[in-house]
Amino acid sequence: MVDTELYPDQVYDLISVIPDPEIPVITIKDLGILRAVRIEDEEYIVTITPTYTACPAMGMIEDQIKEILSERGIKKVKVELTYSPAWTTDWLSYEAKIKLKQYGIAPPNHSSCSHMFDASEKVICPRCNSKQTELISRFGSTACKALYKCNSCKETFDLFKCH
Amino acid sequence: MTTKEATYTYALRLGDDALILGHRLSELCSRGPILEEDLALTNISLDMIGRAQALLKYAADTENNGNTEDDIAYRRAENHYYNHLLVEQPNGDFAHTIARQLLISVFEYLFYTELEKSRDENLSAIAKKVTKEVKYHMQHAIDWTIRLGDGTNESHKRMQTAINDMWMYSGELFEMDEVDQYLFREGVAVDLIPLKAHWQNRIQTVLTKATLVTPEDGYMQTGSKKGVHSENLGHILSEMQYLQRSYPDAKW
Ligand SMILES: [Zn+2]
């Protein structure tokens, strides 16, 4: 089969396995970064959306998409960035949240983010499941995370912020 | 003036605010008072640069004469930048950094919440992302204002001085010129006049909680919408544009 005859769905499946560069246990599909694939003028148009406007991983993800498709002989690829609809943690699947927790990152609590970030909100330690945790900083190692500490196991951990 | 011309200017102004404040905050990288704060300030800086990229790209696409967002960011002269005077003010001591962040982030939260309703789809989409991010910036600034204001005698005094020093740059945030008015009539731009009362209310609530005095509106600095800046912008640009001036077309 000639690769240029791949359906957009097949191209989508091929690139959906790309891990997020900063949280490699989940894929760009799990995270909701990969939005769609379509064909336009014999070219595959891949639409991705950034988690945060300044997400530094976007360039790397674009390169990886092109690399994977290039290995299948597909050269005519354009990766488009869209801001709408705005990315939200609501798009994280249940499985993705489990994977985050196993990786040591507390998954976002809410499905709705309309409230202000509440420092007194109870966050469960991903290591020991204790509720005795406290906020150290709203800004963690990357834009999408906040830094917490657990008063039970004494470890610090990241919370994937509700967004 | 056409809608296209006005939209270009509008996106450019918003992009410049983000670019210049992003650069200012990046100066604090490795200089934060504590490690967590270093991370916070540089995270905010990164959000700003992402926002600048989105807005300046939209400006470049609207202008449509071959310029990219990088050309726009790095190849203009000082009097062709349209960021508010507030965001170019120096970081000063930590209280000054926080005072500037408080005044601008409360404004931006209110502003971008309104811009979400813009009839311009691109501006509306960018605004929806910005609102989510700027909430965190605002909460960060509010926390620190209260902590420093309601802190020791020294931190209280410094926080009050910083608020007083920054106040004269706040009036400009609510000026409507012909571009704003034109685009407001088109359903694209935000009406800044009603925003001012909301902003004052929120700021006053925070300052009162921080045991600080809200300054009286006195003389207000102005000029940025015409490209007239304080001496600080030139210094920022000489550093920010150094690489592109020394090595034109340099790429990563
Ligand atoms: Zn624990």
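Since the structure is predicted, the reported quantities are computational estimates derived from the model, not experimental observations.

Once that is clear, we can look at the sheet that holds strand E3 (residues 77-81) of chain A. Residues and elements named next belong to chain A. Here 3 strands make up an open sheet; going across it, the order is E1-E2-E3 and the pairing mixed. A single partner strand is all that each edge strand has here, and the edge strands are strand E1 (34-40) and E3. Each strand of the sheet is rotated relative to its neighbour by a mean of 20 degrees, with strand direction disregarded. In this sheet, strand E2 (residues 43-48) lies alongside E1 in antiparallel orientation, the contact comprising 6 bridges. Residue pairing for E2: Ile 39 is matched across the bridge by Tyr 44. Where helix H1 (residues 8-15) meets the sheet, its contacts fall on E1 and E2, and the angle it forms with E1 comes to roughly 140 degrees.

Along an α-helix, residues three or four positions apart point the same way, because every turn accommodates 3.6 residues. Given a rise of 1.5 Å per residue, 24 residues ought to cover 34 Å, and the 34 Å separating the end C-alpha atoms of helix H1 (residues 3-26) of chain B matches this to within 8%. Of all 24 residues in H1 of chain B, 19 are buried; the element is thus mostly enclosed.

Turning our attention to the pattern of salt bridges. Counting across every chain of the model gives 20 salt bridges over all chains. Across the pair Glu 80 of chain A and Arg 38 of chain A runs a salt bridge whose closest N-O atoms are separated by 3.7 Å. Of this pair, Glu 80 of chain A sits in strand E3 while Arg 38 of chain A is found in strand E1, placing the two residues 42 residues apart along the sequence. On the basis of relative accessibility, which here comes to 26%, the residue Glu 80 of chain A falls in the partly exposed class. Between Arg 51 of chain B and Glu 108 of chain B there is a salt bridge, and its shortest N-O distance comes to 3.0 Å. Taken together, the positions of Arg 51 of chain B in helix H2 (residues 35-63) and Glu 108 of chain B in helix H5 (residues 94-115) put the pair 57 residues apart, joining distant regions of the chain.

Attention shifts here to the packing of H1 of chain B against helix H10 (residues 231-240) of chain B. Residue and element names in this part refer to chain B. In the contact formed by H1 and H10, the axes pass within 11 Å of each other and the chain directions differ by 75 degrees. Looking at the two axes, H1 sits roughly perpendicular to H10. Packed against H1, whose contacting residues are Leu 19, Ile 20, His 23 and Arg 24, the element H10 presents Asn 232, Leu 233, Ile 236, Leu 237, Glu 239 and Met 240 at the interface. The residue makeup of the contact of H1 with H10, split by class, is 6 nonpolar, 2 polar and 2 charged.

Moving on to the coordination of the zinc ion. Residue and element names in this part refer to chain A. Looking at the metal site, the zinc ion is ligated by Cys 125 (SG), Cys 128 (SG), Cys 150 (SG) and Cys 153 (SG), spaced 2.3 Å from it. With 4 donor atoms in place around the zinc ion and angles of 104 to 115 degrees between them, the coordination shape is tetrahedral. Mapped onto the sequence, the donors of the zinc ion take the spacing C-x2-C-x21-C-x2-C. Here the residue Cys 125 occupies a position in the loop between strand E4 (105-106) and strand E5 (133-137), and Cys 153 occupies one in the loop between strand E6 (145-150) and strand E7 (156-160), the gap between them amounting to 28 residues.

All names here are of chain B. Residues Tyr 242, Leu 243 and Tyr 247 make up a contiguous nonpolar surface patch of roughly 370 Å² in combined accessible area. Of note, Tyr 247 is situated in the segment after helix H11 (242-246). Look at Tyr 247 and you get exposed, because its relative accessible area is 52%.

Moving on: empty space enclosed by the protein. With the rule as written, the count across this model stands at 4 cavities of 30 Å³ or more. Taken as a whole, the largest cavity encloses approximately 150 Å³ of empty space. As for the largest cavity, its lining consists of 14 residues, and the residues nearest its centre are Arg 13, Leu 14, His 84, Asp 180 and Lys 225 of chain B. For the lining of the largest cavity, the secondary structure elements donating two or more residues are H1 and H5 of chain B. With 4 residues, H1 of chain B is the largest single contributor of residues to the lining of the largest cavity. Partitioning the lining of the largest cavity into residue classes produces 8 nonpolar, 2 polar and 4 charged. Of the volumes computed, that of the second largest cavity is approximately 110 Å³. Around the second largest cavity, the lining residues are Asp 20, Glu 22, Ile 23, Leu 31, Thr 51, Tyr 52, Cys 55, Pro 56, Thr 142, Ala 143, Cys 144 and Phe 160 of chain A. The class makeup of the residues in the lining of the second largest cavity is 8 nonpolar, 2 polar and 2 charged.

All names here are of chain B. Summarising the element assignment, Pro 248 is placed in the segment after H11. Taking the C-alpha atoms as reference, Pro 248 lies 9.6 Å from Arg 75; in sequence the two are 173 residues apart. Apart from residues no more than four positions distant in its own chain, Pro 248 is found in contact with Arg 75 and Leu 243.

Turning our eyes to something else, we now look at helix H7 (residues 153-167) of chain B. An ideal rise of 1.5 Å per residue puts 21 Å on 15 residues; H7 of chain B measures up with 21 Å between its terminal C-alpha atoms. Tucked inside the fold, the buried residues of H7 of chain B contact helix H4 (85-88), H5, helix H6 (121-149) and helix H9 (193-209) of chain B.

Moving on to the domain arrangement of chain A. A common way to report how large an interface is uses the accessible area buried once the components associate. All names here are of chain A. For chain A, the domain assignment lists domain 1 (8-87) and domain 2 (93-160). Of the residues lining the interface, 9 residues belong to domain 1; the matching set on domain 2 comes to 10 residues. Carbon and sulfur atoms make up 73% of the surface buried where domain 1 meets domain 2, a total of about 890 Å² over both sides. Considering only the surface of domain 1 that becomes buried against domain 2, Ile 23, Val 25 and Tyr 52 emerge as the three largest contributors, covering 49% of it. Scanning the region where domain 1 abuts domain 2 turns up 1 salt bridge. With a closest N to O distance of 3.0 Å, Lys 99 and Asp 30 form a salt bridge. Summed over the shared surface of domain 1 and domain 2, the result is 2 residue pairs in polar contact (both at pLDDT 80 or more). Across the side of domain 1 that touches domain 2, the residue classes tally to 7 nonpolar, no polar and 2 charged.

Further remarks concern the layout of surface pockets. Approximately 1900 Å³ is the volume attributed to the largest pocket. Lining the largest pocket we find 49 residues, and of these Ile 49, Gln 53, Ala 54, Glu 69 and Asp 70 of chain B sit closest to its centre. Looking at the lining of the largest pocket, the elements that each hand over two or more residues are helix H3 (58-71) and E3 of chain A together with H1, H2, helix H3 (69-74), H6, H10 and H11 of chain B. Here the lining of the largest pocket gets 10 residues from one element, more than from any other, and that element is H2 of chain B. Across the lining of the largest pocket, the residue classes break down as 24 nonpolar, 12 polar and 13 charged. In this structure, the second largest pocket occupies an estimated 350 Å³ of space. Lining of the second largest pocket is provided by 15 residues; of these, Ile 136 and Arg 138 of chain A together with Asp 143, Trp 144 and Arg 147 of chain B occupy positions nearest its centre. Looking at the lining of the second largest pocket, the elements with two or more residues in it are E5 of chain A together with H2 and H6 of chain B. Of the residues forming the lining of the second largest pocket, the biggest block, 5 residues, is contributed by H6 of chain B.

About the cut-offs
- Residues numbered from 1 in each chain as written.
- Chains lettered and ligands numbered in written order.
- Predicted model: local features only at pLDDT ≥ 70, side-chain atom pairs only at ≥ 80, totals over all residues.
- Heavy atoms only, no water.
- Pairing = 2+ DSSP bridges.
- Helix = DSSP H or I, 4+ residues; strand = E, 2+ residues; numbered from the N terminus.
- Axes fitted to C-alpha atoms, helices over the stretch in contact; angles between N-to-C directions.
- Contact = heavy atoms within 4.5 Å.
- Expected span 1.5 Å × (residues − 1).
- Buried < 20%, exposed > 50% of the residue type's maximum accessible area, 1.4 Å probe, protein only.
- Salt bridge = Lys/Arg side-chain N within 4 Å of Asp/Glu carboxyl O.
- Parallel < 35°, antiparallel > 145°, perpendicular 65-115°, else oblique.
- Nonpolar A, V, L, I, M, F, W, Y, C, P; charged D, E, K, R; others polar.
- Donors = N, O, S within 2.8 Å, 3.2 Å for Na, K, Ca; no water.
- Tetrahedral: all angles 85-135°; square planar, octahedral: opposite > 155°, others 65-115°.
- Patch = residues over 30% accessible without salt bridge, like charges linked within 9 Å, V, L, I, M, F, W, Y side chains within 5 Å.
- Areas by Shrake-Rupley, 256 points an atom, 1.4 Å probe, with all protein chains shown as cover.
- 1 Å grid on protein atoms, 1.4 Å probe; cavity = no way out; pocket = protein on both sides within 12 Å on 5 of 7 lines; lining within 4 Å.
- Points joined across faces, edges and corners; volume = space filled by probe spheres on them.
- Domains from an automatic or database assignment.
- Buried area = accessible area lost by both parts, 1.4 Å probe.
- Polar contact = N/O pair within 3.5 Å; in protein donor to acceptor, adjacent residues only side chain to side chain.

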